[in-house]
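# An overview of the molecular structure
The lines below spell out each chain.
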Amino acid sequence: MKIAIYPGTFDPITNGHLDILERALKLFDKVIITVAKNPSKQPLFSQEERRSLIRSAVKRYKNVEVDLFDGLLVEYARKKKATSLVRGLRAISDFEYELQMALMNRKLDSTLETVFLMPNEKYTYLNSSIIREIARLGGDVRDFVPEAVLKALTGKHPRKP
Ligand code: COA
């Protein structure tokens, strides 16, 4: 059984992340989406809220598990018996950071392979910060996020009458 981990902050999950997940599901028997604590970011949604938003968004897919993690990714992957990490590459600007992480993870565990997948080009300019900002300023993000995220964002930033 080929298991891949798709790690990230997912604050919140977007349609771009789901696009990567769908591609990963064609390559692996099971994909574990795991929500990182990531102390370097101050998330809008708690780790549990992010997990529950992802769970709602992936209900329609088989062979997907949603989890939380804190600590070293390679250790988490080992515990889950995963052979690969999945990361999305949206643009050349992602490359340097992703290469550094992939090489460091390989150094920490040479049996773990990082697989990069490119999302549909309509998602290449998306990230979670831009979604949070548009929602905070009252803009419409319905084309970019799953339904549950849209509701949750509206809950955090109620529209003014
Ligand atoms: N569609 C839309 N947005 C996407 C995307 C896609 N397909 N792919 C990435 N993004 C966005 C994310 O929304 C996020 O946006 P934001 O910064 O505006 O919030 C950004 O790209 C990158 O975030 P993400 O993919 O969540 O990665 P990250 O850099 O926050 O997370 C970890 C990196 C958690 C995987 C990494 O820090 C880690 O492994 N931590 C564990 C500790 C560890 O082992 N460290 C050693 C690593 S070598």
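In the block above lies the structure referred to throughout.
To start, this report covers the structure provided alongside it. (Residues numbered from 1 in each chain as written. Predicted model: local features only at pLDDT ≥ 70, side-chain atom pairs only at ≥ 80, totals over all residues. Heavy atoms only, no water.)

### A short note on the environment of Y125
Definition in use: Strands here mean DSSP runs of E at least two residues long; helices mean DSSP runs of H or I at least four residues long; both are numbered from the N terminus. Throughout this description, buried means an accessible area under 20% of the type-specific maximum (1.4 Å probe, protein chains only), exposed means over 50%, and partly exposed covers the range between.
Structurally, the position occupied by Y125 is in the loop between strand 5 (113-117) and helix 5 (128-136). Residue class for Y125 comes out exposed when judged on its relative accessible area of 52%. Distance from Y125 to K37, taken between C-alpha atoms, is 24 Å for residues 88 residues apart in sequence.

### With respect to the site of the ligand
In plain terms, the rule: Here a residue is considered near a molecule or strand provided that any single heavy atom belonging to it is located within 4 Å of it. A 3.5 Å cut-off defines polar contacts: any pair of N or O atoms within that distance qualifies, except that in protein one atom must be a possible hydrogen donor and the other a possible acceptor, and neighbouring residues in sequence count only when both atoms are side-chain atoms. Each accessible area value is a Shrake-Rupley result obtained with a 1.4 Å probe; residue values ignore everything except the protein chains displayed when judging cover.
Taken together, 26 residues surround the ligand, and among them T9, K41, Y97, S128 and S129 come closest. N38 is positioned with one of its side-chain polar atoms (N or O) 3.2 Å from an oxygen atom of the ligand. A total of 950 Å² of accessible area belongs to the ligand in isolation, and the protein chains cover 84% of it. Those elements that provide at least two residues to the shell around the ligand are strand 1 (3-8), helix 1 (15-27), helix 4 (92-108) and helix 5. For the shell around the ligand, the leading source of residues is helix 4, giving four residues.

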